[in-house]
Structure formats: structure tokens, C-alpha cells
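Fold and contact review
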Amino acid sequence: MWKWLHPYAKPERAYQLCVTLQPYFLWPGILCLLVGSLWGLAFAPQDYQQGDSFRIIYIHVPSAILSMSTYVAMAVAALVGIVWQWRTAFMAMIAMAPVGAVITFIALFTGAAWGKPMWGTWWVWDARLTSELILLFLYLGVIALYGAFEDKQQAGKAAGVMALVGVVNVPIIHYSVEWWNTLHQGATISKFDKPSIAPEMLWPLLIALLGLALFIAAVTVMRMKNEIIRREYHRPWVKDLAARALGDDHAV
Amino acid sequence: MNTLINGIFKRDMALAFRQRSELAQPLMFLLMVITLFPLGIGPGPVTLQKIGPGVIWIAAILSSLLAMERLFRDDFWDGSLEQYMLSGQSVAAIAAIKVLVHWLVSFLPLVLFSPLLALFLNLTVDMYVALMLTLVLGTPLLSLVGAIAVGLTVGLQRGGVLLALLLIPVFIPLLIFATSAVDSAALQLPYRAQLAIIGAMLMLAMATAPFAIAYALKVSQN
Amino acid sequence: MQFDSLQAFFAMGGYALYVWLSFGVSLLALVWVVADSASAHKKLLRNAREEQARQSRIAAARKAQTVQSESEQTGS
């Protein structure tokens, strides 16, 4: 496996891999997102308690789940980078941070917009909302630390350490429901043996979840390409790439 | 190995006590922040008792953030950190000893100070005992985890605010469990569970933080 | 289709504001993150090309200078 994996530690090969993967993530991701949200918005049955407001679930739950998984993925990438000295792993990590922050913001925003009709206020200091907010702070901290360094090599390592420190908080976020019982409803789709959601409602949710996951992967790959270019500025292959991508209109 | 560790311990203690004013400033800051709360919220004894544990812990975290930067700053800029790294000794052990010194000079006085704070905020004796226990278990955690971020930001020119941005979210679980322990004590409920969780976090930090600090210092030293 | 008419669909059973606000803001955020990544990509490539053009200009100038000074030396 190492023989197969090792070439991708080289930036140029990693860049090629990103270019190959991007369309396979982006377009199916957008398609699944569209199908999932349209199905959820128009065709899923109404919730007998919450009426049509429950349809926010089709964006809220996928973003809430994936905001945490993206952070864990970031920490795994950081660990790989630190243990095996992979420069590309740090690039993958920092590529995930902004998209993770955006997904966390979406989870928070939709949570607030769902809370208003259900709980009567935009914001409650409920355990899961609060931990989601902390997660957003953790993302912003990693991004800020990365931005503070001139040397991006050093910045990647530093941000990686911070991501690993923050990941200790993710289990606390996940189990916070049990730790501080508050008015947030229990987890909806993690209990597969006895689902508390009708299958007609569940399917579009799973499709939206898959779509958002693919979308995050696509953006990660896009941003990773940027990171690779940023660090390989002076290499000839970047020059060729720029010439090909921008056209040789005023070539040197 | 032992002579170096001993030497660093003695040197850092001597340095800390020679800069007494710098040592006392965070404590004065803590005292003043605590004073602001009764002035801002009102001196009602019931209110103060209700917010007291949270106020003391928040003030402790904020004042620790102010003092935290000192942990590696001087050693970094005068080059002794580089010498430690070149000495061939375990950087993790050196980091651990520096964190210990930092705890002794900046948090131990705070723990000793806490009866006064408890008095100011009208805490009962039960609450005070719980507060003391959470401070004893929690402040080493602040030092250990804080040192990682200090190690990362020590090379940056303006790392102060960034340090706070990095650390405040990480300290939130500690704040929650510590204040919930004191609140339970106020209601005469057992609070061993919260203490156990803080203790577990401390054990985890003690086992892993020195290595993380060593790595962070290496990254900063580049 | 769960709704009788298009109006009913847009009204979302009285929760139109919250539902459409959520979906609208999410869509905007997702579009923004893709657009930001794509525009950064363009900008980086452009910068890379300019930087390398500058480097080659510097190299060319240096070469010209050494040639000149060499010719001066041989001339004197």
C-alpha cells in the first residue's frame, strides 16, 4: 500500500490527483444536494408536530454532522502530516479548514432559523448549539494561526498541532447531549435500529448528507490545489500549468 | 539529565522571583476583574453567590492568558531555548519542567488567593471547597494546554491576541465542568463526577502535552 | 408532491421565512466557498506566472550585466 500511496506525497502528483478527482466529487455532490433538498422540500411528508418547518432538517442535520466529521478529518490529516512528515497532508488539512468553518456556520444559522419557530427564540444556550459555536471558534483559531505565519510550511505544522488539540473537544461536542440534558431533541438518524424518522423522510436526508460530503470533498480538493501552487510557486511545472490555464496571451 | 532539569528549574524560579512585579500583575488583574462584577451587576449577595464560581473561573482564565505569553518568550528571544534543544536532552522533559515552574509562580498564588475571592463573591464554605478543588485540578490543565499554544505562537511578533483566540475555545469544557462542580456544591449535591472529568482531562494533558509542547517549540524554532 | 399548489409550496405551511431563509443562506455560503476557491486559483496562477517572469527578467539582466562587464574588461 505504501508503494502505491507514496508518490502522492510529491506535490506535482498530488496536484494531478486533485485535478482528476475534482469533477467526480463536485458534480455528483451538487446533484445529490439538489435532489436531496428538492425531495425534502417538496415531496417528503409533513411532520405531524412541526409542520413544514421540519424541512430545514435537510440542510441542518447534514451540515451539523459533517461540520464535526470535517474537523476530525482535518485532525487525521494533521496527524498523518506530523507522524509521517507528509507536506501534502498539511496542505489537505488547511484546505479543509475554511470549508469546515462554512459548514459549521450553516449548521448554526439553520439551527437558529429552526429554533425560532420551534422554541420561540433565535438562540438558546443549548448544549449542541453551544458546542457547534465552539467548533466554529476552533476552526477560526486554526485558520487564524495558519494565517499568522509567513512561512507556510511552518504554518501548516503549527495549525496541525492546534487542530489536534481541538479535536479533543469533538467527542465532548458529540456526547454533550448526554452530558448536559437540555431542550434540544435527541439525535435523529444515528439510531439505525429503531429510527425515529419515517423512511420517506430519511431517504432525502441521507442523499443530502452524501451530497454535502461530496461537496466538501470537492472544495477541499479545489483548495488543496491552491495550497500546492502557493508552495510550489517557483517550480517549472507551475509555470507550464499557468501558461496552459491562462492561455499564452502575453507569454514571456 | 538531572543536572540540566535541576538547573532550569532553579534558574526559572530565580528569574520569576526577580521579576516580582511581572509576577504580581496577573493577580492584580484578577482581583480587579472580580471587583468589576459586583460593581457592574449589583452587590446583592444572592446574585453574587450565583455568578461567583463562573466569575472566578473566567477571571482566572483571562488573567492566565495575560501571563501565559511569558512562558517561553524570553527564552525564545535570548536564544536559550535553542541551546536547550541543542543540548540533546529531551525537549519534552524541559518543557514539562518549565510548565511546572509556570504553574508554581502564576497559579499557585491564585489558588492561595482564592479564599479572598470567595469571600468577595459571598460563596459558602461548601462552594469554596469545591472551587479550591477545581482550581487545584484545573489550573495545571490551563498551564499544560496553554503552553502548547504559547509554543506555537512564540515566534510571532504579535501573538498575544492570537493566543487568546486559540485558547479560549479549548478551555470552555474545563470552565463548564468546574463551574458545574461548584454549583452542585452550592446545592449540597455530590460533585465527584465533575472533578473526575477534570482529573481525567488533566491526566490526558499530562501524558501528551509535553510532547506537543516540544513539537510546537521545534516548529517555532524551525 | 406534498403541496397542492406552487403557492402552498412557497408558503411552506406558514414557515416560509425560516425555511427559505435557511436554504437561501446555505446556498449563498456554499456558492461563496466554491467561488472563493476558484478565484483564488486564478489569482495564484497569475501571480505565479508574473513572479516567474520577474525572475527570468532578473536573470536576463544579470546575464547582460556580466557580459557587459566582461566586454569592458577585455576592452580596457
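Going by the structure above, here's the rest.
Report follows, based on the coordinates. (Residues numbered from 1 in each chain as written. Chains lettered and ligands numbered in written order. Predicted model: local features only at pLDDT ≥ 70, side-chain atom pairs only at ≥ 80, totals over all residues. Heavy atoms only, no water.)

1. Structural notes on the overall build of chain A
Assigned secondary structure in chain A consists of nine helices and zero strands. Secondary structure elements of chain A, listed N to C terminal, follow the sequence α-α-α-α-α-α-α-α-α. Residue burial in chain A is summarised as follows: out of 252 residues, 55% are buried. (Helix = DSSP H or I, 4+ residues; strand = E, 2+ residues; numbered from the N terminus. Buried < 20%, exposed > 50% of the residue type's maximum accessible area, 1.4 Å probe, protein only.)

2. Remarks on the environment of G24 of chain C
Among the secondary structure elements, G24 of chain C is positioned in helix α2 (residues 16–75). For the pair G24 of chain C and K43 of chain C, spaced 19 residues apart in sequence, the C-alpha separation works out to 28 Å.

3. Some thoughts on the arrangement of the chains
Here two pairs of chains make contact, and the pair sharing the most contacts is chains A and C. Structurally, chain B and chain C remain out of contact, their C-alpha atoms never closer than 23 Å. (Contact = heavy atoms within 4.5 Å.)

4. Re the pattern of salt bridges
All names here are of chain B. All told, the structure shown has eight salt bridges over all chains when counted by the stated rule. Among the salt bridges present, the one from D12 reaches R11, with a minimum N-O distance of 3.2 Å. Since its relative accessible area comes to 9%, D12 is described here as buried. Several salt bridges share partner residues, and in doing so they unite R11, D12, D75 and K98 into one network. (Salt bridge = Lys/Arg side-chain N within 4 Å of Asp/Glu carboxyl O.)

5. A few points about the environment of A107 of chain A
Residues and elements named next belong to chain A. Mapped onto the elements, A107 comes out in helix α4 (residues 87–119). On the basis of relative accessibility, which here comes to 1%, the residue A107 falls in the buried class. On a C-alpha basis, the gap between A107 and V61 in space is 7.4 Å, while along the polypeptide they are 46 residues apart. Ignoring any residue separated from it by four or fewer positions in sequence, one finds A107 in contact with H60, S63, A64 and E132.

6. Concerning the interface of chain C and chain A
Each side of the interface is counted separately: chain C has 36 residues, and chain A has 51 residues. Between chain C and chain A, roughly 3,800 Å² of surface is buried when both sides are summed, and carbon and sulfur atoms account for 74% of that area. When the area that chain C buries against chain A is broken down by residue, the three leading residues are F23, R49 and Q52 of chain C, summing to 18%. If you look at where chain C meets chain A, you find one salt bridge. R223 of chain A serves as the salt-bridge partner of D36 of chain C, at 3.1 Å between the closest nitrogen and oxygen. Summed over the shared surface of chain C and chain A, the number is four residue pairs in polar contact (both at pLDDT 80 or more). Of the residues forming the side of chain C that touches chain A, the biggest block, 29 residues, is contributed by α2 of chain C. (Buried area = accessible area lost by both parts, 1.4 Å probe. Polar contact = N/O pair within 3.5 Å; in protein donor to acceptor, adjacent residues only side chain to side chain.)

7. Concerning a nonpolar patch on the surface
Residues and elements named next belong to chain A. A contiguous nonpolar patch, built from L31, V35, W39, F43 and W203 and spanning about 520 Å² of accessible area, is present on the exposed surface. Looking at which element gives the most residues to the nonpolar patch, the answer is helix α2 (residues 11–43), with four residues. One can find W39 in helix α2. (Patch = residues over 30% accessible without salt bridge, like charges linked within 9 Å, V, L, I, M, F, W, Y side chains within 5 Å. Areas by Shrake-Rupley, 256 points an atom, 1.4 Å probe, with all protein chains shown as cover.)

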